[in-house]
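Chain residues, written in single-letter form:
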Amino acid sequence: MSDIINILPDAIANQIAAGEVIQRPASVVKELVENAIDAGANRISVVITNAGRTSIQVVDNGKGMSHTDARMAFERHATSKITDASDIFSLRTMGFRGEALASIAAVASVELRTRQTGADFGTLVEIAASSILRHEADSCVEGTSFLVKNLFYNVPARRKFLKSDNTELQHIINEFHRVALANPHIELSLYSNNEPIYELQAGNFKQRITAIFGKKTRNYANQLIAISIDTNMVKISGFVGTPQSATRSATQFFFANGRYMRHPYFNKAVQAAYANMLQPDTQPIYFINLEVRPESIDVNVHPTKTEIKFEDEKEIFSILMASVKESLGKFNFTPSLDFETSDTVAMPLYTADQKPDMFKISLNSCYNPFASSSGGGGYKSSLPKNWDMLYEKHQHHSPQQTQAIQTDCVTQQTEQLPIFGNSDEMQNKFLIYREKYLVTAVKSGLMIIDRQRAMERITYEKIILQLQQGQKATQSLLFPDVAEITADEAVVFDEILPDIEAIGFDLEKTSHNTFNIKGVPSILTDIGNIEELLKEIIADVSDQASTVGKEIYEKIALRTAKAIAKSAFRHSSEQETEALIASLFQCEIPNFAPDGKKILVILSDADIWG
Ligand code: ADP
Ligand code: MG
């Protein structure tokens, strides 16, 4: 039998490799721009003709290449970025495989002009389908320019596979967004068919984000809340959107060590931090940078893949979620509704003497989820007497103005509104509208509060705080209740029993599907059917079991809070109502109920009077 194994010629091997690295014009853009960044450029322009089908040019002011390197760069496995295998564990460059240029040159014709900083002359290399056509001195400027023409001209199947110009251009723009966001300090421009699409100045991350995405939306910057945390495992920085800015398909970016990545698992962490703050089917905006030790991520993934594997994924998940939660909590949004200066969006509501206890993150590997929300910042048992003082501190508000508004209301509607406070008292005037709502005047207009939702929020945070502090307040029942659940419910029940008991229930199983209710959380005194509540909790937990959106203890707290809120406000006195408002504004998130529904609206004078 004769031997049948051949070694493929380089040109063919490169073309096959190119199939993986270079899938479309956008891949060329990505590779060339990344090379320019690795070369230390601080100004890069990308010039596209016909969505990259005709030509793609990337010009940089980086360090350039020597005469020999310019030729060498096109060899497969030619790289200046690593010299031995161990280098890949401490990589800080975008590329290292030495495949991109060889691949591009195998499926297009390429003109490279490059000149090293301070060199007397530069080099021109022309190459098509892996054959060198020219390699000579050239009088180009310092830096490097790659011109890639007729992509896939020698691979008709590939060329046919390209989508419409619009689609291909969109892919290019997406790649451009990714590198532009990852490198805000680099001046970057993108031209398509001689039209500028982006001309981005060097700047900070926020400026870059708004330069790219802020065009369509007014006040885009005001929708961004900074996040920042530095632990010895990961450093997280960037911005997340306000819950209100969430949309059906939101702009979401993760970067790991300056490289764009997709990370469905970390995405869930962010999502989870927003639990109950978002309208159904909406996604939060985010731009998040993660920095980790290079050796703790697996860079040895395929070059076109955007997934990155982290060593400490679970811990980073918790840190990320905590960090987003903290920022969302600290910058709750009521003030932005109530402030006249629209550019001070992110202003904590706390006054100097009511500072939230700053949240601490625990770095041990058995991370405690209770430590992940900003503990203690929410409900406080000692309430200020005059809740609207909480506003005043921030409002520089003119008492005359407020009085004017309030007096108006009073004089016009005194008879119908017996609950509307005492007219010679400045603070805490409110009226109750249709049983359900509290109406009161604030500087920027008329604030309407949904009482039940407010109560839900307050109770929810109270329960969570108790849990965080490990305080379990149980009230024993004189006559234990007997409850029966179905076999299905029993399965879930067993699983969540520790969480249920943590919030103060005292339950004793008597058979696989029956149990005695011996005690209930002390805050629960007023509610009726405890068996029903427990069944609802079980339903909630099994319903959303697959979503990371909420921890089990949060679901339990939510359902319990709802049960309490349902009945509580009906028989509340005036003092209790005042206390309710005061407690609400001490909550971490006073304007959304724990299930994401709006608690309050403010009708500005303009809304009312046009
Ligand atoms: P890699 O980036 O993985 O090293 P490439 O095929 O993309 O492989 O590039 C090969 C080499 O060519 C790089 O290692 C670098 O030395 C050189 N090179 C490529 N582009 C540039 C550029 N714009 N400026 C300077 N050197 C470059
Ligand atoms: Mg490269």
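Since the structure is predicted, the reported quantities are computational estimates derived from the model, not experimental observations.

### Quick notes on the overall build of the protein chain
- In terms of regular secondary structure, the protein chain is built from 18 helices and 22 strands.
- Considering only intrachain contacts with a sequence separation of at least 6, the fraction spanning at least 24 residues in the protein chain is 68%.
- Accessible area for the protein chain stands at about 29100 Å²; split by element, carbon and sulfur atoms hold 51% of it.

### With respect to helix H7 (residues 205–213)
- Three or more residues of H7 are buried, namely Phe-205, Arg-208, Ile-209, Ile-212 and Phe-213. Seen along its axis, H7 keeps its buried residues to an arc of 105°; they face one direction.
- Residue Asn-204 occupies the N-cap position of H7, its side-chain oxygen lying 3.2 Å from the main-chain nitrogen of Lys-206.

### Some remarks on the site of ligand 1
- Of all residues adjacent to ligand 1, which total 20 residues, the nearest are Asn-35, Thr-79, Ser-80, Lys-81 and Gly-98.
- A distance of 3.4 Å is found between a nitrogen atom of ligand 1 and a side-chain nitrogen or oxygen belonging to Thr-144.
- Protein chains shield 93% of the accessible area of ligand 1, which is 530 Å² for the free molecule.
- Secondary structure elements with two or more residues in the shell around ligand 1: helix H2 (25–38), helix H4 (100–106) and strand E6 (143–149).

### Observations regarding the confidence of the model for the protein chain
- For the protein chain, per-residue confidence averages 78 on the pLDDT scale, and 79% of positions sit at 70 or higher.
- Below a pLDDT of 50 lies the segment residues 333–427, which in the model reaches 171 contacts outside its immediate sequence neighbourhood of four places, other chains included.

### Looking at the packing of aromatic side chains
- Scanning all chains against the criterion turns up 17 aromatic pairs.
- Here the aromatic rings of Phe-205 and Phe-255 are separated by 6.5 Å at their centres, their planes lie at 80°, and the arrangement is edge-to-face. Of the two residues, Phe-205 is situated in helix H7 and Phe-255 in strand E11 (residues 252–256); the sequence distance between them amounts to 50 residues.
- Taking relative accessible area as the criterion, Phe-255 reaches 0% and is therefore assigned buried.
- Aromatic pair Tyr-265 and Phe-317: ring centres 4.7 Å apart, planes at 35°, arrangement tilted.

### Notes on the sheet that holds strand E18 (residues 445–450)
- Reading across the sheet, the four strands line up as E16-E17-E18-E22 and stay open at both edges, with antiparallel pairing between neighbours. Edge positions in the sheet fall to strand E16 (431–433) and strand E22 (600–604), since each has one partner strand and no second. Across the sheet, the axes of successive neighbouring strands diverge by a mean angle of 30°, strand direction being ignored.
- Relative to the sheet, helix H13 (residues 451–468) contacts E16, strand E17 (437–442) and E18, its axis offset from that of E18 by approximately 70°.
- Docked against the sheet, helix H17 (residues 574–584) engages E17, E18 and E22, running at close to 65° with respect to E17.

### Focus on the sheet that holds strand E21 (residues 514–521)
- The antiparallel open sheet is built from three strands, whose spatial order is E19-E21-E20. Only two strands of the sheet have a single partner each, and these edge strands are strand E19 (474–484) and strand E20 (506–511). With direction set aside, neighbouring strand axes in the sheet form an average angle of 15°.
- By the bridge criterion, five bridges tie E20 to E21 in an arrangement that is antiparallel. From the neighbouring strand, Lys-509 faces E21, where its bridge partner is Phe-515.
- Sheet strands touched by helix H14 (residues 487–502): E20 and E21. Its angle to E20, the strand with the most contacts, is close to 155°.
- Its contacts with the sheet place helix H15 (residues 530–543) against E19, E20 and E21, and it is angled at close to 100° to E21.

### Observations regarding the pairing of strand E3 (residues 109–115)
- By the criterion of burial, E3 is predominantly enclosed, with six of the seven residues buried.
- Following E3, the chain reverses through six residues before pairing antiparallel with strand E4 (residues 122–128); Gly-118 in that reversal takes a positive phi of roughly 80°.
- Alignment of E3 against E6, held across seven bridges, turns out to be antiparallel. In the sheet register, Leu-112 faces E6, and the bridge partner there is Phe-146.

### Here we look at the nonpolar core
- Counting residues in hydrophobic clusters, the biggest one holds 62 residues, and the most contacted among them are Ile-44, Phe-74, Leu-181, Ile-209 and Phe-287.
- Here this core takes eight residues from helix H6 (residues 165–182), the largest share from any one element.
- In terms of domain composition, this core takes at least three residues from each of domain 1 (10–200) and domain 2 (216–330).
- Setting aside anything within four residues of it in sequence, one finds Ile-209 in contact with Leu-181, Gly-214, Tyr-220, Leu-224, Phe-239 and Phe-287.
- With 50 residues, the next largest nonpolar core counts Val-442, Ile-503, Leu-584 and Ala-593 among its residues.

Reading the values: the criteria
- Residues numbered from 1 in each chain as written.
- Chains lettered and ligands numbered in written order.
- Predicted model: local features only at pLDDT ≥ 70, side-chain atom pairs only at ≥ 80, totals over all residues.
- Heavy atoms only, no water.
- Helix = DSSP H or I, 4+ residues; strand = E, 2+ residues; numbered from the N terminus.
- Contact = heavy atoms within 4.5 Å.
- Areas by Shrake-Rupley, 256 points an atom, 1.4 Å probe, with all protein chains shown as cover.
- Buried < 20%, exposed > 50% of the residue type's maximum accessible area, 1.4 Å probe, protein only.
- Arc of directions from axis to C-beta.
- Polar contact = N/O pair within 3.5 Å; in protein donor to acceptor, adjacent residues only side chain to side chain.
- Near = heavy atom within 4 Å.
- pLDDT = per-residue confidence, 0-100.
- Phe/Tyr/Trp six-rings, centres within 6.5 Å; stacked < 30°, edge-to-face > 60°.
- Pairing = 2+ DSSP bridges.
- Axes fitted to C-alpha atoms, helices over the stretch in contact; angles between N-to-C directions.
- Core = buried A, V, L, I, M, F, W, Y, C linked by side-chain atoms within 4.5 Å.
- Domains from an automatic or database assignment.

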